[in-house]
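# Topology and contacts: notes
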Amino acid sequence: MKDIKKVTLIGLGAMGVFFAPRISEKLGADFRILADGARKERLERKGVTVNTINYRFPIITPDVEGDPADLVIIAVKGYDLEQVIRDIKNQVGKDTIILSVLNGVESEKQIAAVYGSEHLLYSYMRISIVMKDGKTEFDPHKGLIHFGDLKNDPEHYSGNVLAVKSLFDLCGIDYKIDADMLKGIWFKFMCNVAENMTCAMFGVPFGAFQKNDDANFFRHKAMWEVIRIANKLGIDIGQNEIDRQEHTLGRLPYENKPSTLQDLEVGKRTEVDMFAGTVVRLGKELGVETPVCECFLHGIHLIEARMFKEI
């Protein structure tokens, strides 16, 4: 097992700040943010504020050669992934591990197509963080990262899994190594599609699911559309996963909002294509009807068109 001594993070938003302060504390200048242009200038000028502390992390630009990372963490929005795959080229060396914590179910496949599956670990996040104007406050121990190879045996973890595990142990980052990563990724995707899309379409917080049957009508219908697609792909999720999420939703603060609604409220484009759009596309390919996700896809695109004065 190799030691991870140098880490590059791409994306210092709600997911990125989960990692940045704690890895930076242990690795110092060997933890850096990949950025250029206006984003680099903004981070140098303003930094980010996490739990009242302002951080100015070291920055490395995509054009720097000869200084690859041992671990690259990708924590951007889905619509930025194509550009990021190009930008990390000089950060990926012979033994670099790539960890993509994006939402959705296809980022690993896109990365592996360029850099090879031998560099890749699968992952997903379970934490609710609200980032506004480069500032956030959250309890990092109320969330965790799930990561690993596609299948993981605790008696025989791969060298890449052990290397990342050792880093997270060093940095005090909570994690879980799932036995079946695809099942976990699709479980989170089911929740994201159902909850993000419902809240964004109708402008309601997570708390709506605790008390409103109409909100849960759309959520449950969308969940089953995702489940039927996942089952066609051989992924075993179903009612047990829905029941598991009911417990989680019941413990969230009423006013918490998912990322898609947060994006709309601050005038940003959303990840609707990665959520509802992926469901609609896969449904057509696999012969699964997806009427609720089609409604979400076109409805949220219409909201964006109005917001950006395209209509």
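For the structure given in this document, a descriptive report is provided here. Not measured: the values here are computed from a predicted model. (Residues numbered from 1 in each chain as written. Predicted model: local features only at pLDDT ≥ 70, side-chain atom pairs only at ≥ 80, totals over all residues. Heavy atoms only, no water.)

Here we come to the sheet that holds strand 1 (residues 7–10). Spatially, 5-2-1-6-7-8-10-11 is the arrangement adopted by the 8 strands of the open sheet, whose pairing is mixed. Where the open sheet ends on each side, the last strands, each with one partner, are strand 5 (59–60) and strand 11 (175–176). In terms of strand pairing, strand 1 meets strand 6 (residues 69–74) through 4 bridges, oriented parallel. By the bridge assignment, Leu-9 is partnered in strand 6 with Ile-73. (Pairing = 2+ DSSP bridges. Helix = DSSP H or I, 4+ residues; strand = E, 2+ residues; numbered from the N terminus.)

Note that Glu-65 resides in the loop between strand 5 and strand 6. By relative accessible area, which is 64% here, Glu-65 ends up exposed. Distance in space between the C-alpha atoms of Glu-65 and Lys-89 is 9.1 Å, their sequence separation being 24 residues. (Buried < 20%, exposed > 50% of the residue type's maximum accessible area, 1.4 Å probe, protein only.)

With that out of the way, let us pick up the packing of aromatic side chains. Per the stated rule, a full pass over the model turns up 11 aromatic pairs. An angle of 10 degrees between the planes, with centres 5.2 Å apart, marks the rings of Tyr-55 and Phe-57 as stacked. Its relative accessible area of 21% is what places Tyr-55 among the partly exposed residues. Exposure remark for Phe-57: the relative accessible area of 10% places this residue in the buried category. Ring plane angle 45 degrees and centroid distance 6.4 Å describe the contact between Phe-218 and Phe-296, whose orientation is recorded as tilted. Here Phe-218 is found in helix 8 (residues 213–232), whereas its partner Phe-296 is found in helix 12 (residues 291–307), with 78 residues between them in sequence. Classification of Phe-218 by relative accessible area gives partly exposed; the value is 25%. Residue classification places Phe-296 among the buried residues on the basis of a relative accessible area of 0%. (Phe/Tyr/Trp six-rings, centres within 6.5 Å; stacked < 30°, edge-to-face > 60°.)

It is worth spelling out the pattern of salt bridges at this point. Enumeration according to the criterion identifies 16 salt bridges in this entry. Among the salt bridges present, the one from Asp-95 reaches Lys-94, with a minimum N-O distance of 3.2 Å. You can call Lys-94 exposed: its relative accessible area is 72%. Within the structure, one salt-bridge network assembled from shared partners comprises Lys-6, Arg-32 and Asp-67. (Salt bridge = Lys/Arg side-chain N within 4 Å of Asp/Glu carboxyl O.)

Our next topic: the side chain of Asp-178. Note on placement: Asp-178 falls in the loop between strand 11 and helix 6 (181–202). For the buried Asp-178, no salt bridge is present, and the opposite-charge side chain at shortest range is Lys-176, 4.7 Å distant. At 2.6 Å, the side chain of Asp-178 and the side chain of Tyr-124 are in polar contact. In terms of polar contacts, Asp-178 uses its side chain to reach the side chain of His-146, at 2.8 Å. (Lys, Arg positive; Asp, Glu negative; His and termini not counted. Polar contact = N/O pair within 3.5 Å; in protein donor to acceptor, adjacent residues only side chain to side chain.)

For the rest of this paragraph, the subject is the nonpolar core. Among the nonpolar cores identified, the biggest contains 55 residues, and Ile-74, Ile-88, Trp-186, Met-190 and Val-193 are the most heavily contacted of them. If you tally residues by element for this core, the top one is helix 6, at 11 residues. For Met-190, the residues in contact, after removing those within four places along its chain, are Met-223, Val-226, Ile-227, Ile-237, Glu-241 and Ile-242. Formed by 39 residues, the second largest nonpolar core is a distinct cluster that contains Val-17, Leu-43, Val-48 and Phe-168. (Core = buried A, V, L, I, M, F, W, Y, C linked by side-chain atoms within 4.5 Å. Contact = heavy atoms within 4.5 Å.)

Another point: the pairing of strand 6. Most of strand 6 sits out of view: 5 of its 6 residues are buried. As judged from the 5 bridges shared by strand 6 and strand 7 (residues 92–100), these two strands associate in the parallel manner. By the bridge assignment for strand 7, Val-72 is matched with Ile-98. Assessed by its sense of winding, the connection that carries the chain from strand 6 through helix 3 (residues 81–87) to strand 7 is right-handed. (Right-handed = clockwise from strand over helix to strand, strands pointing away.)

Let us now look at a positive patch on the surface. Together, Arg-42, Lys-46, Lys-135 and Lys-268 line one region of the surface with positive charge. Relative to the helices and strands, Lys-46 resides in helix 2 (residues 37–46). (Patch = residues over 30% accessible without salt bridge, like charges linked within 9 Å, V, L, I, M, F, W, Y side chains within 5 Å. Areas by Shrake-Rupley, 256 points an atom, 1.4 Å probe, with all protein chains shown as cover. Charge placed at Lys NZ, Arg CZ, Asp CG, Glu CD.)

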